[in-house]
Amino acid sequence: MLVAGLITQLFLILAGLRKRNLQLSYSFFIYLVASFVSSFTISYLIQDTASSRLFYVVKEFTLDAVKTAVLIEFNQRVFRYYPQVKRSNYWFFTLAIFGLCLYLWLIPAEKGSWWGTVPLDVHAKIMQANCFLFFVFTGSILFYRLHLDDRHKLLLIGFLFSQFPLALGFAAAVAFGEPARALVSRLNSSFFVIALLIWAKVYLKNDSVDHTRLATDSGMGRPTSSRAPQ
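Summarised in this report is the structure supplied together with it.

1. A few points about helix α3 (residues 26–45)
Now for step 1: End to end, α3 covers 27 Å across 20 residues, agreeing with the expected 28 Å (1.5 Å per residue, within 8%).
Now for step 2: By the burial criterion, the buried members of α3 are S27, F28, F29, Y31, L32, S35, F36, S38, S39, T41 and I42.

2. Here's the deal with the packing of helix α4 (residues 49–78) against helix α6 (residues 117–144)
Now for step 1: Look at α4 against α6: their axes get within 10 Å of each other, and the N-to-C directions meet at 15 degrees. Taken as axis vectors, α4 and α6 run roughly parallel relative to one another. Crossing angle aside, the handedness with which α4 passes α6 is left-handed. Contacts from Y56, V57, E60, F61, D64, K67, T68, L71, F74 and N75 in α4 reach P119, L120, V122, H123, I126, M127, N130, L133, F134 and F137 in α6.
Now for step 2: Along the lines of polarity and charge, the residues of the contact of α4 with α6 split into 13 nonpolar, four polar and three charged.

3. Side note on the layout of surface pockets
Now for step 1: There is about 860 Å³ of room inside the largest pocket.
Now for step 2: Lining the largest pocket are 36 residues, and of these Y56, K59, E60, S185 and S189 sit closest to its centre.
Now for step 3: At the level of secondary structure, the elements contributing two or more residues to the lining of the largest pocket comprise α1 (2–16), α3, α4, α6, α7 (150–176) and α8 (178–204).
Now for step 4: When residues of the lining of the largest pocket are assigned to their parent elements, the largest contribution, 10 residues, is made by α8.
Now for step 5: Broken down by class, the residue content of the lining of the largest pocket amounts to 17 nonpolar, 12 polar and seven charged.

4. Some points on the nonpolar core
Taken as a class, soluble globular proteins show a tendency for nonpolar side chains to be buried jointly.
Now for step 1: Within the largest apolar cluster, 41 residues are counted, with the highest numbers of intra-cluster contacts made by F28, Y31, L32, F79, F159, W199 and Y203.
Now for step 2: If you list the elements that add at least two residues to this core, you get α1, α3, α4, α5 (83–106), α6, α7 and α8.
Now for step 3: Excluding residues within four positions of it along the chain, Y203 makes contact with L12, A15, G16, R18, R20, N21, F28, F29, L32 and R151.
Now for step 4: A124, M127, L166 and F170 belong to the second largest nonpolar core, which has 10 residues in total.

5. Structural notes on a nonpolar patch on the surface
Now for step 1: Among the surface-exposed residues, L2, V3, I7, F40, Y44 and L45 lie close enough to one another that they form a single nonpolar patch of about 570 Å² accessible area.
Now for step 2: At the level of secondary structure, the elements contributing two or more residues to the nonpolar patch comprise α1 and α3.
Now for step 3: When you line up the elements, L2 lands in helix α1.

What counts and how
- Residues numbered from 1 in each chain as written.
- Predicted model: local features only at pLDDT ≥ 70, side-chain atom pairs only at ≥ 80, totals over all residues.
- Heavy atoms only, no water.
- Helix = DSSP H or I, 4+ residues; strand = E, 2+ residues; numbered from the N terminus.
- Expected span 1.5 Å × (residues − 1).
- Buried < 20%, exposed > 50% of the residue type's maximum accessible area, 1.4 Å probe, protein only.
- Axes fitted to C-alpha atoms, helices over the stretch in contact; angles between N-to-C directions.
- Parallel < 35°, antiparallel > 145°, perpendicular 65-115°, else oblique.
- Left-handed = near helix turned anticlockwise from the far one by under 90°.
- Contact = heavy atoms within 4.5 Å.
- Nonpolar A, V, L, I, M, F, W, Y, C, P; charged D, E, K, R; others polar.
- 1 Å grid on protein atoms, 1.4 Å probe; cavity = no way out; pocket = protein on both sides within 12 Å on 5 of 7 lines; lining within 4 Å.
- Points joined across faces, edges and corners; volume = space filled by probe spheres on them.
- Core = buried A, V, L, I, M, F, W, Y, C linked by side-chain atoms within 4.5 Å.
- Patch = residues over 30% accessible without salt bridge, like charges linked within 9 Å, V, L, I, M, F, W, Y side chains within 5 Å.
- Areas by Shrake-Rupley, 256 points an atom, 1.4 Å probe, with all protein chains shown as cover.
- Salt bridge = Lys/Arg side-chain N within 4 Å of Asp/Glu carboxyl O.

Structure follows, in structure tokens:
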């Protein structure tokens, strides 16, 4: 499963170098590169156990930060013609940050003998906050019936399909400790490979993004054509 994931990620990185794919989301391309490089390094280059554990923790928190950047860029690009929706999403960003801080304070990780208890607990909670925002974006699109091109739809579906199971997986690893880590890791890898296959369609899809100039109305942020009637 690891090899399949690395090969798929490498294919996506090469496909992402095409200008039209790179311009779709710069932060998503950075996420693919960071995920590939860190996974390859920890799997094949680092042999020392202590160094591997430290690098693993740094890797996961770095990817959390990059996924947050993906969310911000997604909000800027997809909702740029819907300013009211974009502003409300930023309020949800603030709510998610406040809720995460409250979550970490009120329900701290229980100290245990396993090295991953504390860092993976924090990581799982950050992923849950990111999942909340991905669901908020999906809800905004469905509620306001916003136009969204197929490539951005697939990008969002891939994150929804991978991040929620991953967050639950890391939470389960924290709850059940080291014995559960191997099984959780295999399950997480399986969902991530499926997400990579979904993202492959993002880069292989030939339909272009709708570049029609739009202007938002004063109501719910739905678009109206800015061209005057002929």
